[in-house]
Amino acid sequence: GANSLGGIFKFVSNKPQLGVLSGRARAGVEFVDDGGTGYSANGMINIPLGDTVAFRASGTFRKDAGWVDADPQDIVFPGINAPPVLVIPDLTVTSLDDNNINDNKLWNGRASLLFQATDDLTIRLTAHGQNMRTHSSAAVEVDPDDYDPVRGDFSQTVFIPEFNDIDYRVFSGEIEYDLGFASLLSATSHGKLKSAFRTDLTLLLGGTLNLLFGPQHSPLVSPFAHLTDDPLGSFQDQTTRVNKFTQEFRLASPSSDRFEWMVGLYYTHEKGLIDQHINGGTLADPGDQVGGDLHDLLFLSLDSRYKEIAGFTNVTWHATDRFDITAGARLSKNDQHSEQVVGGPLAPLQFPGGTPVFEPGNSDERVFTYSISPRYELSDTTAIYARIAKGYRPGGPNAVPPLSDEELADFPTTFDADTLTS
């Protein structure tokens, strides 16, 4: 399917077991050289609820130790020295001092209910949730010539604490019915992802903000009002949301020593949103955005929709008791739509030709993929096989970067799918 350029890993969670009461738990601890301490705990329980119903739940908590330090540095934001008309002194600020700033916490839980309605009908409902809370990243500053760390092996220059919070939910239902000549499976799922992160941009934009709004402000160089004498920093807040619904039907033949087949239909409808905000705040308190005047200095919103419908089939021919050939094919059609909006008081500096208004992006395409794999069993424990397969990654509307009017005129609004034959 989509994005499976070279294949996939499929993780199959354990089903609830009928008539079995069981459980287990585990705990661990880890120590990182020149870093912090991590620990974890997880557990599972399986509970029979009568003869035809069983419930299974598992949960995990894990704290990953950090090992990257915030190394305090004196950074100079240059002023302007053009006497006698204009003299703006340099501004020196000191970055944060903190240890093990890239630690991470994870909470994960899954619950599943199995109902064996009849010998031929099975229903399984599953809910899966995961929360991750990461402080800063594992990046370190390096020399651009030789890529050696410039502030020790594991250190960063940080003015505003960074974070990345991820919340993930998946709810699914599977209904399987044995028709005798084949089994029919219906798989329905709804997934939600929310990612919110903050990136420190002070080294990149701090000098500009202090000239435009802060202690280095001068009406001779800034078209904006003087807002504060406290040193200013800058950061990007971004929220990414994805809501995805999928429905799949599969009809599969019973196991056979001669010929096996499977046909299916797949549908997905996905809504996405990327919401970016470039903000300013005082270094003493980044939440102090000077009465909101430094909020949304630049902003971008990218709203998108993705729909796909596909049909697929797999067949396996057992030519002999040791030689078989499996082949598959999939034909899909996807439609995409996107809307992009940019703005903010600094937009005229980013887009000298004027803040652009983007036309909605639209695309649709059809993609055919296939696979074929002969296999020969040399013995009961050894086999040799070959496989040729085509995978793809959907194209779609292009997110438009900040460009000049001339560049925007030539910028492609859509791009085609990637395909790979392996």
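Structure report, in brief. (Residues numbered from 1 in each chain as written. Predicted model: local features only at pLDDT ≥ 70, side-chain atom pairs only at ≥ 80, totals over all residues. Heavy atoms only, no water.)

### Quick notes on the environment of tyrosine 385
Link 1 in the chain: Secondary-structure assignment places tyrosine 385 in strand 19 (residues 383–385).
Link 2 in the chain: Sequence-wise, tyrosine 385 and arginine 241 are 144 residues apart; in three dimensions their C-alpha atoms are separated by 42 Å.
Link 3 in the chain: When neighbours within four sequence positions are excluded, tyrosine 385 is seen to be in contact with Ser373, Pro374 and Arg375. (Helix = DSSP H or I, 4+ residues; strand = E, 2+ residues; numbered from the N terminus. Contact = heavy atoms within 4.5 Å.)

### Structural notes on the packing of aromatic side chains
Link 1 in the chain: A complete count under the given rule lists 4 aromatic pairs for this structure.
Link 2 in the chain: Taking 6.1 Å as the distance between ring centres and 40° as the angle between the ring planes, the aromatic pair formed by tyrosine 39 and phenylalanine 61 counts as tilted. Of this pair, tyrosine 39 sits in strand 2 (residues 37–48) while phenylalanine 61 sits in strand 3 (residues 53–64), and the two are 22 residues apart along the sequence.
Link 3 in the chain: The partly exposed category is assigned to tyrosine 39, whose relative accessible area is 39%.
Link 4 in the chain: Since its relative accessible area comes to 22%, phenylalanine 61 is described here as partly exposed.
Link 5 in the chain: Members of the aromatic cluster, each reached through a chain of ring pairs, are Tyr39, Phe61 and Trp107. (Phe/Tyr/Trp six-rings, centres within 6.5 Å; stacked < 30°, edge-to-face > 60°. Buried < 20%, exposed > 50% of the residue type's maximum accessible area, 1.4 Å probe, protein only.)

### Some points on the pairing of strand 1 (residues 22–31)
Link 1 in the chain: Along strand 1, only 0 of the 10 residues are buried, which leaves the element largely exposed.
Link 2 in the chain: Bridging between strand 1 and strand 2 involves 10 bridges; their strand directions are antiparallel. Bridge assignment links arginine 24 to a residue of strand 2, and that residue is methionine 44. (Pairing = 2+ DSSP bridges.)

### What to know about a negative patch on the surface
Link 1 in the chain: Taken together, Asp119, Asp120, Glu174, Glu176 and Asp178 make up a surface patch of like negative charges.
Link 2 in the chain: Turning to its location among the elements, glutamate 176 is positioned in strand 12 (residues 163–178). (Patch = residues over 30% accessible without salt bridge, like charges linked within 9 Å, V, L, I, M, F, W, Y side chains within 5 Å. Areas by Shrake-Rupley, 256 points an atom, 1.4 Å probe, with all protein chains shown as cover. Salt bridge = Lys/Arg side-chain N within 4 Å of Asp/Glu carboxyl O. Lys, Arg positive; Asp, Glu negative; His and termini not counted. Charge placed at Lys NZ, Arg CZ, Asp CG, Glu CD.)

### So, the pattern of salt bridges
Link 1 in the chain: Taken as a whole and judged by the stated rule, the model has 13 salt bridges.
Link 2 in the chain: Between arginine 133 and aspartate 167 there is a salt bridge, with its nearest N and O atoms 3.0 Å apart. Linking arginine 133 in strand 10 (residues 121–135) with aspartate 167 in strand 12, this pair joins segments that are 34 residues apart in sequence.
Link 3 in the chain: Between aspartate 380 and arginine 322 there is a salt bridge, with the nearest N and O atoms lying 3.5 Å from each other. With aspartate 380 in the loop between strand 18 (361–377) and strand 19 and arginine 322 in the loop between strand 16 (298–318) and strand 17 (323–343), this residue pair connects regions lying 58 residues apart in the sequence.
Link 4 in the chain: According to the relative accessible area criterion, aspartate 380 is exposed, its value standing at 71%.
Link 5 in the chain: Salt bridges linked by common partners bring Asp324, Arg375 and Glu377 together as one network.

### Considering the pairing of strand 2
Link 1 in the chain: Between strand 1 and the antiparallel strand that follows it, strand 2, lie 5 residues; aspartate 34 among them carries a positive phi value of about 55°.
Link 2 in the chain: As defined by bridge partners, strand 2 adjoins strand 3 across 10 bridges and the pair is classed as antiparallel. Across the sheet, asparagine 46 pairs through a bridge with arginine 56, a residue of strand 3.
Link 3 in the chain: In sequence, strand 2 turns back onto strand 3 through a hairpin of 4 residues, with glycine 50 there showing a positive phi of about 90°.

### So, the nonpolar core
Link 1 in the chain: Leu209, Phe213, Leu294, Leu297 and Leu346 are the most contacted members of the largest nonpolar core, which has 18 residues in total.
Link 2 in the chain: If you list the elements that add at least two residues to this core, you get helix 1 (202–212) and strand 16.
Link 3 in the chain: It is strand 16 that provides the largest number of residues to this core, a total of 3 residues.
Link 4 in the chain: Setting aside residues no more than four positions away along its own chain, leucine 294 makes contact with Phe213, Leu227, Leu232, Ile278, Asn279, Gly280, Gly281 and Gln289.
Link 5 in the chain: Core analysis: the second largest hydrophobic core is formed by 8 residues, Leu91, Phe159, Ile160 and Phe235 among them. (Core = buried A, V, L, I, M, F, W, Y, C linked by side-chain atoms within 4.5 Å.)

### Some points on the side chain of threonine 246
Link 1 in the chain: Relative to the helices and strands, threonine 246 is located in strand 14 (residues 232–252).
Link 2 in the chain: A polar contact is formed between the side chain of threonine 246 and the side chain of serine 189, at a distance of 2.5 Å.
Link 3 in the chain: Every residue in contact with threonine 246, bar those within four places of it in the chain, is listed here: Ala187, Thr188, Ser189, Tyr266, Tyr267 and Thr268. (Polar contact = N/O pair within 3.5 Å; in protein donor to acceptor, adjacent residues only side chain to side chain.)

### Considerations on unusual backbone geometry
Most peptide bonds adopt trans geometry, and most residues besides glycine take a negative phi value.
Link 1 in the chain: In this chain, proline 83 is followed by proline 84 through a cis amide linkage whose omega measures 0°.
Link 2 in the chain: Inspection of the secondary structure puts proline 84 in the loop between strand 6 (80–82) and strand 7 (86–88).
Link 3 in the chain: Not every positive phi belongs to a glycine, and serine 136 is a case in point at roughly 65°.
Link 4 in the chain: For serine 136, the location among the structural elements is in the loop between strand 10 and strand 11 (155–156).
Link 5 in the chain: The phi dihedral of aspartate 296 falls on the positive side, at around 60°, and the residue is not glycine.
Link 6 in the chain: Inspection of the secondary structure puts aspartate 296 in the loop between strand 15 (259–282) and strand 16.

### Quick word on the side chain of serine 253
Link 1 in the chain: Secondary-structure assignment places serine 253 in the loop between strand 14 and strand 15.
Link 2 in the chain: In terms of polar contacts, serine 253 uses its side chain to reach the backbone amide nitrogen of tryptophan 261, at 2.9 Å.
Link 3 in the chain: Those residues within four positions of serine 253 in sequence are excluded, and the remaining contacts are Phe181, Ala182, Phe259, Glu260 and Trp261.

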